[in-house]
Amino acid sequence: MRNWGSIAGAFLVSAAFLAPAHAAERVTLRNGFAIQCSHHAEVDGHVRLFDGAGEENYIELQPEEIVSFETVPDPPPAAAGTVPSGPAAQSRPAAAATDARLSAQDLRQMLGKAGREHNLDVDLLASVVKAESGGNARAVSRAGARGLMQLMPATAAELGVKDSFAPEQNVSGGSAYLDALLNGYHNNLALALAAYNAGPATVAKYRGIPPYAETRAYVARVIHEFNRRVRARREIAAAKRTVPFERGPRTIASAAPVPIASR
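Quantities reported herein were computed from a predicted structural model and do not represent experimental measurements.

Rules used throughout
- Residues numbered from 1 in each chain as written.
- Predicted model: local features only at pLDDT ≥ 70, side-chain atom pairs only at ≥ 80, totals over all residues.
- Heavy atoms only, no water.
- Helix = DSSP H or I, 4+ residues; strand = E, 2+ residues; numbered from the N terminus.
- Expected span 1.5 Å × (residues − 1).
- Buried < 20%, exposed > 50% of the residue type's maximum accessible area, 1.4 Å probe, protein only.
- Polar contact = N/O pair within 3.5 Å; in protein donor to acceptor, adjacent residues only side chain to side chain.
- Pairing = 2+ DSSP bridges.
- Core = buried A, V, L, I, M, F, W, Y, C linked by side-chain atoms within 4.5 Å.
- Contact = heavy atoms within 4.5 Å.
- Phe/Tyr/Trp six-rings, centres within 6.5 Å; stacked < 30°, edge-to-face > 60°.
- Salt bridge = Lys/Arg side-chain N within 4 Å of Asp/Glu carboxyl O.

Engineer: Looking at this structure, how should I read helix H2 (residues 122–133)?
Structural biologist: In an α-helix, one turn spans 3.6 residues; hence positions three or four apart end up facing the same way. The first and last C-alpha atoms of H2 sit 16 Å apart over 12 residues, in line with the 16 Å expected at 1.5 Å per residue. Within H2, 11 of the 12 residues are buried, which leaves it mostly tucked inside the rest of the structure. Among the residues making up H2, those that are buried are Val122, Asp123, Leu124, Leu125, Ala126, Ser127, Val128, Val129, Ala131, Glu132 and Ser133. Capping of H2 at its N-terminal end is provided by aspartate 121; its side-chain oxygen lies 2.7 Å from the backbone amide nitrogen of aspartate 123. Positive phi shows up at glycine 134, right after H2, with a value of about 65 degrees.

This is how it looks when you write it as structure tokens:
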């Protein structure tokens, strides 16, 4: 299982952090990538990288994960008409021949199976599906990406997906691709999602999340939804541990720990 605690602040990244940034610092990481932020601070032995919209929005890293800080000017505005070009680019569906939505239970079972096969948290997969297609198995983007996880035809072919509109094939292929990206980016969720949207070549070009508004919004949207689902899962787990129930004449509380994250 992947240790989600080792991901660079995946649960602490908010939509504001990944919005088009006016960063004041460039943080070079030991894994070779870089993150831009407004400022940083050391808190309880960790380094927090802030987005500038307040002290509540930050990524938290271990000091040893950071190589250096440098001051950088605000990034220039992207050229008009610039769009991502990766395998899941422009993933918001522009057209769908048929609105083919699975039941919530069927989709959850399908995502759970793919998660077990590829060591992925089912709520992460659900968050990607929501951002990519809204759960519509027949969704087609402006760029031609198809299905629940919006696979481009060339990517689908590489993954062995013969029919991108077949939900199980699409989810299996998309999960395998996301798994490979997470492995390639050392479990850095933000970078893996950026590559899923804009392509690994684009992430390599910018040595981090590219300055495309579409990609930044996509990464923020997925992580925000993942955070929401994880928080809800924790609340349910806490309630199960603390709410007493009766067994015979005696009242006891469930003390069995409930796993929170599987990856």
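Engineer: Explanation requested: the pairing of strand S3 (residues 39–43) in the structure shown.
Structural biologist: Strand residues, when the strand is regular, have side chains that alternate between the two faces of the sheet. As defined by bridge partners, S3 adjoins strand S4 (residues 46–50) across five bridges and the pair is classed as antiparallel. Looking at the pairing, histidine 39 lines up with phenylalanine 50 of S4.

Engineer: Honestly, unusual backbone geometry in this entry has me stumped. Any pointers?
Structural biologist: One can expect most non-glycine residues to show negative phi and most peptide bonds to be in trans. You will see that histidine 186, though not glycine, has its phi angle at about 55 degrees, which is positive. Mapped onto the secondary structure, histidine 186 falls in the loop between helix H4 (167–184) and helix H5 (189–198).

Engineer: Even after reading the chapter, I still don't get the nonpolar core, so can you show me in this structure?
Structural biologist: A general trend in soluble globular proteins is that nonpolar side chains are found buried together. Ranked by size, the top nonpolar core spans 40 residues in total, and within it Leu111, Leu124, Val128, Leu178, Leu193, Tyr196 and Tyr218 carry the most contacts. Elements represented by at least two residues in this core include exactly helix H1 (104–118), H2, H4, H5 and helix H7 (213–242). The element best represented in this core is H5, accounting for eight residues. If sequence neighbours within four positions are ignored, leucine 178 has contacts with Leu120, Leu124, Leu125, Val128, Ala192, Leu193 and Tyr196. Ranked by size, the runner-up nonpolar core spans eight residues in total, among them Val27, Leu29, Cys37 and Val47.

Engineer: Help me out: how do you make sense of the packing of aromatic side chains in this one?
Structural biologist: Any aromatic ring pair is given by two values, namely how distant the centres are and how the planes are angled relative to each other. Going through the model one piece at a time under the given rule, you end up with two aromatic pairs. Ring centres 5.5 Å apart and planes at 45 degrees place the aromatic pair tyrosine 177 and tyrosine 196 in the tilted group. Taken together, the positions of tyrosine 177 in helix H4 and tyrosine 196 in helix H5 put the pair 19 residues apart, joining distant regions of the chain. The class for tyrosine 196 is buried, based on a relative accessible area of 2%. With 6.1 Å between their ring centres and 80 degrees between their planes, tyrosine 206 and tyrosine 212 make a pair best called edge-to-face. Assessed through its relative accessible area of 30%, tyrosine 206 is described here as partly exposed.

Engineer: Help me understand H5 in this model?
Structural biologist: H5 sits mainly inside the fold: 10 of its 10 residues count as buried. Listed in full, the buried residues belonging to H5 are Leu189, Ala190, Leu191, Ala192, Leu193, Ala194, Ala195, Tyr196, Asn197 and Ala198. One side-chain oxygen of the residue at the start of H5 lies 3.3 Å from the amide nitrogen of alanine 190, identifying that residue as asparagine 188. In the stretch just after H5, glycine 199 is the one whose phi turns positive, near 100 degrees.

Engineer: Quick question: what am I supposed to make of the side chain of aspartate 121 here?
Structural biologist: Mapped onto the elements, aspartate 121 comes out in the loop between H1 and H2. For aspartate 121, a relative accessible area of 0% gives the class buried. At a separation of 2.9 Å, a polar atom in the side chain of aspartate 121 contacts the side chain of arginine 233.

Engineer: How should the pattern of salt bridges be read in this particular structure?
Structural biologist: Side chains that carry opposite charge are capable of pairing whenever their charged atoms lie near each other. Across all of its chains, the model carries eight salt bridges by this definition. Measuring nitrogen to oxygen at the nearest pair gives 2.9 Å for the salt bridge that ties arginine 233 to aspartate 121. With arginine 233 in helix H7 and aspartate 121 in the loop between H1 and H2, this pair connects stretches of sequence that are 112 residues apart. Across the pair glutamate 225 and arginine 229 runs a salt bridge whose closest N-O atoms are separated by 2.9 Å.

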